[in-house]
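Report on the structure
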Amino acid sequence: MKNDSIKRRDSKGRILRNGESQASDGRYRYSYYVNGKQKNLYSWKLELHDKLPAGKRQCKSLRELEKELQLQQFQGIRQENMTVIELTERYVKIRDVSLKKTTQAGHKTALQLLKRYSFSSRKIGDVTMSEVKLFFLKLQEEGKKFASIRSVRGILRPAFQMAVDDNLILKNPIDFPLSSVVINDSVTREAISNKDMLRFLRFVQHDIHFSRYYEAFYILFHTGMRISEFCGLTVKDIDLRERKINIDHQLIRWSDMQYGIESTKTNAGTRQLPMTEDVYQCFKAILEKREKRKIEPVIDGYRGFLYIDKNGMPMVALHWEKYMQHAREKYNSLFKIPLPTITPHVCRHTYCSNMAKAGMNPKTLQYLMGHSDIGVTLNTYTHLKFDDARDEVEKMAKNG
């Protein structure tokens, strides 16, 4: 009894537990801490069967709320406090363990964008579908590109699905197509015509400055390689005797300027490409002109990269994008009929379209492109225009 007399009690004389208190107006509070920050639970009742004060709305008792909190903490989940950003960071932490660094970097960028908005601090149980749609609309109204909004949705949707699977919420509020809310303003990277490709390559071949890149440009237009795959090629990957190119890795340079070798984008990306005579001659020229270096740059155990920059490091995608951009700009400054946008990915798309126009079997083209899904390859065939269809019909008529 002596110890009880010094314990805090409520207005009814009941002993209050650690963290519990009662205000002068009769309301109870339970205080606890999360990451050093004080959190509080409130109720007008201490126990389940307490009488509710006159004029007050029905509520759970404080000790019921405490039991729910204890259960959630035991399970490692604080549902009543978990915010959108906490949920999303949890999902990314679990998911990124098995993902490539490039994908992890994309997740990091999406998280940084999400954190800038008050939506990220909303409790997950309070988020509605209409609220999410308004958030996406707000992003687009503020000038965010469709690709950026899609990357944010790319982590939000599975994160909320994880919350559904963990019985934290009943329904995923992001279970709707993004295109039903915001406008897809992405610029489709179309293939360029053979005429434009030849104009560009012919100009580069004879230009005093850009001619040093001619073989690389030609290879990109005539193999369909991803630029990261091309940058990752080493001397050992070029088999001139068998006339084949071995592709089983890619070279990446991340935003922190660190270099790394990763496996190909998909399992289907690991492949061997046959060389045409022209491609063979280009690779032969590259190897013959390649400077012999006393010290070769080594990236994750790989050495012998085909192109080295002025800093003694392997050239990466950004180098080739800039070289193509500058070559095109110089051409357009000299000639009346301008060239369209040309990037390494445009080269890849052009190769795929040219092979489709030539009647290549879709499964063969899928292998050459390293597409894991035949649908991606078949989509190229849907880009063919009337002239392509007319030529194909006329060719079949002649053969018939």
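The structure reproduced in this document is the subject of the present report. Since this is a predicted model, take the numbers as computed values, not measurements. (Residues numbered from 1 in each chain as written. Predicted model: local features only at pLDDT ≥ 70, side-chain atom pairs only at ≥ 80, totals over all residues. Heavy atoms only, no water.)

Thoughts on the overall build of the protein
- A tally of helices and strands in the protein yields 15 helices and 8 strands.
- Looking at the protein as a whole, 42% of its 400 residues are labelled buried.
- For the protein, long-range pairs separated by at least 24 residues make up 55% of all intrachain contacts whose partners lie at least 6 apart in sequence.
- Only carbon and sulfur atoms are counted for the fraction: they give 52% of the accessible area of the protein, which is about 23,700 Å². (Helix = DSSP H or I, 4+ residues; strand = E, 2+ residues; numbered from the N terminus. Buried < 20%, exposed > 50% of the residue type's maximum accessible area, 1.4 Å probe, protein only. Contact = heavy atoms within 4.5 Å. Areas by Shrake-Rupley, 256 points an atom, 1.4 Å probe, with all protein chains shown as cover.)

Some words on the packing of aromatic side chains
- Scanning the model with the defined rule gives 19 aromatic pairs in all.
- Residues Phe200 and Phe217 carry aromatic rings whose centres are separated by 5.6 Å and whose planes lie at 25° to one another, so their mutual orientation is stacked. On the criterion of sequence distance, the pair formed by Phe200 in helix H7 (residues 194-206) and Phe217 in helix H8 (residues 214-223) is long-range, its members being 17 residues apart. A single burial state applies to Phe200 and to Phe217, both of which are buried. (Phe/Tyr/Trp six-rings, centres within 6.5 Å; stacked < 30°, edge-to-face > 60°.)

A look at the environment of Val92
- Inspection of the secondary structure assignment puts Val92 in helix H3 (residues 84-95).
- Residues Val92 and Ala159, spaced 67 residues apart in sequence, show a C-alpha to C-alpha distance of 7.9 Å.
- Residues in contact with Val92, not counting those within four places in the same chain, are His107, Leu111 and Ile155.

Some words on the nonpolar core
- Membership of the largest hydrophobic core comes to 56 residues, with the highest contact counts inside it found for Phe200, Phe230, Ile245, Phe283 and Trp320.
- Setting aside residues no more than four positions away along its own chain, Phe283 makes contact with Ile219, Met225, Leu233, Ile238, Leu240, Ile245, Met275 and Leu306.
- Within the second largest apolar cluster, 35 residues are counted, among which are Ile85, Phe119, Val164 and Leu178. (Core = buried A, V, L, I, M, F, W, Y, C linked by side-chain atoms within 4.5 Å.)

Considerations on the environment of Asn332
- Relative to the elements of secondary structure, Asn332 occurs in helix H11 (residues 317-334).
- For Asn332, a relative accessible area of 23% translates into the label partly exposed.
- Setting aside chain neighbours within four positions, we find Asn332 in contact with Pro338 and Leu339.

A word on the sheet that holds strand S4 (residues 238-239)
- In space, the 3 strands of this open sheet follow the order S4-S5-S8, with antiparallel pairing throughout. Every other strand in the sheet has two partners, leaving S4 and strand S8 (271-274) as the edge strands with one partner each.
- Direction of pairing for strand S5 (residues 244-247) relative to S8: antiparallel, over a ladder of 4 bridges. Following the sheet pairing, Lys244 is matched in S8 by Pro274. (Pairing = 2+ DSSP bridges.)

Section: the side chain of Glu131
- With respect to the helices and strands, Glu131 occurs in helix H5 (residues 129-141).
- For Glu131, the side chain forms a polar contact with the side chain of Arg122, separated by 2.6 Å.
- Residues within four places of Glu131 in sequence aside, it is in contact with Phe119, Arg122 and Asp126. (Polar contact = N/O pair within 3.5 Å; in protein donor to acceptor, adjacent residues only side chain to side chain.)

Some remarks on H11
- The first and last C-alpha atoms of H11 sit 26 Å apart over 18 residues, in line with the 26 Å expected at 1.5 Å per residue.
- Of all the residues in H11, the buried ones are His319, Trp320, Tyr323, Met324, Ala327 and Tyr331. For H11, the angular spread of buried residues about the axis comes to 125°, placing them on one side.
- Among the structural elements, H7, H8, helix H9 (227-232), strand S6 (250-253) and helix H12 (344-357) are those in contact with the buried residues of H11. (Expected span 1.5 Å × (residues − 1). Arc of directions from axis to C-beta.)

A short note on the pattern of salt bridges
- Enumeration over the complete set of coordinates arrives at 17 salt bridges.
- In this structure, Glu296 engages Arg290 in a salt bridge whose closest nitrogen and oxygen atoms are separated by 2.8 Å. In this structure, Glu296 and Arg290 share a single accessibility class: buried.
- Taken together, the shared-partner salt bridges connect Asp10, Arg14 and Asp50 into one network. (Salt bridge = Lys/Arg side-chain N within 4 Å of Asp/Glu carboxyl O.)

So, the sheet that holds strand S1 (residues 20-22)
- An order of S1-S2-S3 is seen for the 3 strands of this open sheet, with the pairing classed as antiparallel. Of all the strands in the sheet, just S1 and strand S3 (37-43) have a single pairing partner and so form its edges. Taking the axes of each pair of neighbouring strands and ignoring which way they run, one obtains an average angle of 30° across the sheet.
- Note: strand S2 (residues 28-34) against S3, 7 bridges, orientation antiparallel. Each bridged residue has a counterpart across the sheet, and for Tyr30 the counterpart in S3 is Leu41. (Axes fitted to C-alpha atoms, helices over the stretch in contact; angles between N-to-C directions.)

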